Amino acid sequence: MTELYQLTIHEAGELLRRRQISSVELTRAHLDRIRAVDDRVKAFTLITDDLAMKQAGEADRRFNSGATVSPLTGIPLAIKDVICTKGIITTCGSNMLKDFKPPYDAAVMERLNAAGAVMLGKTNMDEFAMGSSTEHSAFFTTQNPWDLERAPGGSSGGSAAAVAAGMAMGALGSDTGGSIRQPGALCNVVGLKTTYGRVSRYGLVAFASSLDQIGPFARNARDAALILQAIAGPDPRDSTSSPDPVPDYSAALNGSIKGLRIGVPEEYWVDGTQPGVVKAVRDDIEKLRELGAEIGEVSLPHTKYGVPVYYIIAPAEASANLARYDGVKYGYSYRDTSDMWEALEKTRQIGFGQEVKRRIMLGTYALSSGYYDAYYKQAEKVRTLITDDFTRAFERFDVLVSPASPSVAFKIGEISDPYEMYLQDIFTIPANLAGICGVSIPGGFSNGLPVGLQLLGNFFAEDVILRVADAFERVTDYHTCWPKAV
Amino acid sequence: MIDRETVKHVAQLARLGMTEEEVDIFASQLSVILENIAILQQVDVSGVSPTAHASRLSNIMREDISQPSYAPEVLLANAPEQEDNCLKVRAVLEES
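The rules behind each value
Numbering of residues starts from 1 in each chain and follows the order in which that chain's sequence is written. Throughout, the order in which chains and ligands are written sets their labels, letters from A for the former and numbers from 1 for the latter. In keeping with the model being predicted, local features are shown solely for residues with a pLDDT of at least 70 and side-chain atom pairs are shown and tallied solely at 80 or more, while totals for entire chains, interfaces and linings include all residues. A run of DSSP states H or I qualifies as a helix once it reaches four residues; a run of E qualifies as a strand once it reaches two. Both are numbered from the N-terminal end. Based on C-alpha atoms, the radius of gyration is set beside the globule rule, defined as 2.2 Å times the residue count to the power 0.38. Three exposure classes are used, all based on how many other C-beta atoms lie within 10 Å of a residue's own C-beta (placed from the backbone): buried at 20 or more, exposed at 12 or fewer, and partly exposed between those limits. Our contact criterion uses C-beta atoms placed from the backbone: two residues qualify when those atoms are within 7 Å. By the convention used here, strands pair only if DSSP detects at least 2 bridges between them. Simply put, an axis is a line fit to the C-alpha atoms, just over the touching stretch for a helix, and the angle between two N-to-C directions goes from 0 to 180 degrees. Orientation categories follow fixed angle ranges, with anything under 35 degrees roughly parallel, anything over 145 roughly antiparallel, 65 to 115 roughly perpendicular, and all other angles oblique. Charged means Asp, Glu, Lys or Arg here, nonpolar means Ala, Val, Leu, Ile, Met, Phe, Trp, Tyr, Cys or Pro, and polar covers whatever is left, Gly included. Here the expected length of a helix is defined as 1.5 Å per residue gap, with one fewer gap than residues. The directions considered for the arc are those from the helix axis to the C-beta atoms. What makes a crossing left-handed is the near helix being turned counterclockwise from the far one by less than a right angle; a clockwise turn instead makes it right-handed.

A closer look at the overall build of chain A
In terms of helices and strands, chain A carries 16 helices and 11 strands. A globule of 486 residues ought to have a C-alpha radius of gyration of about 23 Å, and chain A, at 21 Å, matches this closely. Principal axes of the C-alpha set define a box for chain A whose edges measure 65 × 50 × 45 Å. Going through the 486 residues of chain A one by one, you find that 63% of them count as buried. Of the contacts formed within chain A by residues at least 6 apart in sequence, a portion of 76% connects residues at least 24 apart.

Below you can see the structure in the form of structure tokens.
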């Protein structure tokens, strides 16, 4: 029998609307599931049981009184701890914000609350979203539900693992260089990085402001579309949010990709990608061809510069954004001195972890006098060339397809060299630099571990990549497989 | 590629306290990262303009009208030290 925690958002929504189940039952089933497995997975930094049950009760009242409901009313979701929740501790995975209670809700939280969604808790992440494994969380490492000795990916590893293990029906994450798509791939869930400007960043703790975007996790494309629908749209408090109209994403999922032009970037088959990943993705591309898509080769010649450009621009922006943590306004504060400079330096020395410091150092160096032109300016120009690659590719193709990650989930502690960890995001980073959208969906298995299939779309073409994802799901069952480790 | 003196200088710019051991670690790690990034210098960027952000928008304006904001107590609730509804900081200028 299907357990309540195994339902999709669509299935649960249908049962809620017919009042065959209540949100209280559904929410309790997820809280029970969290209690049963999260001591092993460690996806959550905070479980908000009381709030969840209160929100579930309110949702049930809406259903029972005939009030307006949305597709997310009464649906229990998990929120990455980089997203501000009013009065609820938002740590960002950092000792710096260990006790921080935001005075306001992020725009996406206002929208989810208005939709009547239920928040189960906040999820673990690499500190300040810097990392690809959650090993850089200041608190603990999340374990992959498919193999508890392996990392779930990151930085949104807690959200991906929570959805994969049935501890939440969907989740929010943030993606600056692959932080939604790579953990989605490693945990066998759908992870969508939205077009820059599609979702308001108001209340998202800033890492690299020209790259950060919030997006959903779900166990299928249709559910991801529902969450995206709820959070997308303009917001005057984020001047980079787009005024473009938000399409009806669910309506776009018509199952047909006949004649759709799908490009396969030749540069995305690099040495070092695991053979099992290559094979699964090649098979997936054949399935897309069988569904009627026109598959063709395409070149994105500046791909190999993606990681180097990113590791100038993202740390540079981070070094500026993280200058705000001074121990004066909020966050950790070193008190044991009367000297202002010593207090500032000790606050940052003790409050930040190693990866965050590494990036602040790298970014400060790249922006410092004498190196600005050679590093930062050069990186900004190469960023233009990477964007131009995509512009040309999307003249000929509607969607681009590739592996989401060069490897399946790696063992916790296996990657100790910082730059080797950075290469985890080799296939995801270019989309952030260009600002386009991308999604990772369950694309098969290699030695029993999930392989993510990445679909990249043009600006604001979330409807197109979700249509491909949904059509693919209709002829495959990878996304319905449950992890056996929990 | 990056020596200890450079690490100390950059740490000072970033106001990041650092142990001697950390100076050594960062010198070696940052050198490895910068060696990998060095391929950027090979790219011909003549005539290419820089991209500062991925947004296709520029200069979103709003009417200059005052909006309701938060009460000082709300915004000060996370402050480590405060006095008279102000953030309290250590002395910046002191008589010696």
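Let's talk about the pairing of strand 2 (residues 76-80) of chain A
Residues and elements named next belong to chain A. Within strand 2, five of the five residues are buried, which leaves it mostly tucked inside the rest of the structure. What you see with strand 2 is no split at all: P76, A78 and K80 on one side and L77 and I79 on the other are buried throughout. One ladder, built from five bridges, connects strand 2 with strand 3 (residues 118-123); its direction is parallel. When the sheet's bridge partners are listed, P76 is paired in strand 3 with V118. Two elements, strand 2 and strand 4 (residues 170-175), share three bridges in a ladder whose sense is parallel. By the bridge assignment for strand 4, I79 is matched with L172.

Topic: the packing of helix 1 (residues 4-13) of chain B against helix 2 (residues 20-37) of chain B
Residues and elements named next belong to chain B. Interhelical geometry of helix 1 versus helix 2 gives an angle of 105° and a closest axis separation of 9 Å. Of the possible angle classes, the one that applies to helix 1 and helix 2 is roughly perpendicular. Contacts from R4, V7 and K8 of helix 1 reach helix 2 at V23, F26 and A27. Here the contact of helix 1 with helix 2 is composed, by residue class, of four nonpolar, no polar and two charged.

Topic: helix 11 (residues 340-351) of chain A
Taking 1.5 Å per residue, 12 residues should reach 16 Å; helix 11 of chain A reaches 16 Å between its end C-alpha atoms and fits that length. Of all the residues in helix 11 of chain A, the buried ones are A343, L344, E345, K346, T347, R348 and G351 of chain A.

A short note on helix 3 (residues 49-65) of chain A
Residues and elements named next belong to chain A. If you check helix 3, its first and last C-alpha atoms are 24 Å apart, about what 17 residues at 1.5 Å a residue would give, namely 24 Å. All of the buried residues along helix 3 are A52, Q55, A56, A59 and D60. Buried residues along helix 3 cover an arc of 145° about the axis, so they all sit on one side. Across helix 3 from its buried face, at more than 90 degrees, point the exposed residues D50, R61, N64 and S65. Against the buried residues of helix 3 lie helix 2 (23-41), strand 2 and strand 3. Positive phi appears at G66, one or two residues downstream of helix 3, with a value of about 75°.

Observations concerning the sheet that holds strand 9 (residues 399-403) of chain A
All names here are of chain A. With mixed pairing, 11 strands are arranged side by side in an open sheet as 1-3-2-4-6-5-10-11-9-7-8. Taken across any chain shown, the strands that pair with only one partner, and hence form the sheet edges, are strand 1 (44-47) and strand 8 (294-298). Taken pair by pair, the neighbouring strands of this sheet meet at an average axis angle of 30°, ignoring direction. In terms of strand pairing, strand 5 (residues 190-193) meets strand 6 (residues 213-218) through two bridges, oriented antiparallel. Bridged to G191 within strand 6 is F217. Along the sheet face, helix 9 (residues 275-290) touches strand 7 (261-265), strand 8, strand 9, strand 10 (437-446) and strand 11 (449-457) and points at about 110° away from the line of strand 10.

Section: the interface of chain A and chain B
How large an interface is tends to be reported as the accessible area lost when its parts come together. With 52 residues of chain A at the interface, the matching set in chain B holds 43 residues. Secondary-structure elements contributing two or more residues to the side of chain A that touches chain B are helix 10 (306-321), helix 11, helix 12 (354-367), helix 13 (372-396) and helix 14 (418-422) of chain A. With 10 residues, the top contributor of residues to the side of chain A that touches chain B is helix 13 of chain A.

A look at the environment of P430 of chain A
Residues and elements named next belong to chain A. Among the structural elements, P430 can be located in helix 15 (residues 429-434). Accessibility expressed as a C-beta count within 10 Å gives 33 for P430, which makes it buried. Here the alpha-carbon distance between P430 and H302, two residues 128 residues apart in the chain, equals 9.2 Å. Apart from residues no more than four positions distant in its own chain, P430 is found in contact with T303, G306 and I386.

Re the packing of helix 10 of chain A against helix 13 of chain A
Residues and elements named next belong to chain A. In contact at an axis separation of 9 Å, helix 10 and helix 13 are set at 125° when each is read in the N-to-C sense. Classified by the interaxial angle, the pair formed by helix 10 and helix 13 is oblique. Two packed elements cross with a definite hand, and for helix 10 against helix 13 that hand is left-handed. Residues G306, V309, I312, I313 and A316 of helix 10 touch helix 13, and the partners they reach there are Y375, Y376, A379, E380, V382, R383 and I386. When its residues are assigned to classes, the contact of helix 10 with helix 13 shows nine nonpolar, one polar and two charged.

Re the pairing of strand 9 of chain A
Every regular strand shows the same layout, with side chains that alternate between the two sheet faces. All names here are of chain A. Here strand 9 lies mainly inside the structure; five of its five residues are buried. With two bridges joining them, strand 7 and strand 9 adopt parallel strand pairing. Residue pairing for strand 9: I262 is matched across the bridge by V399.

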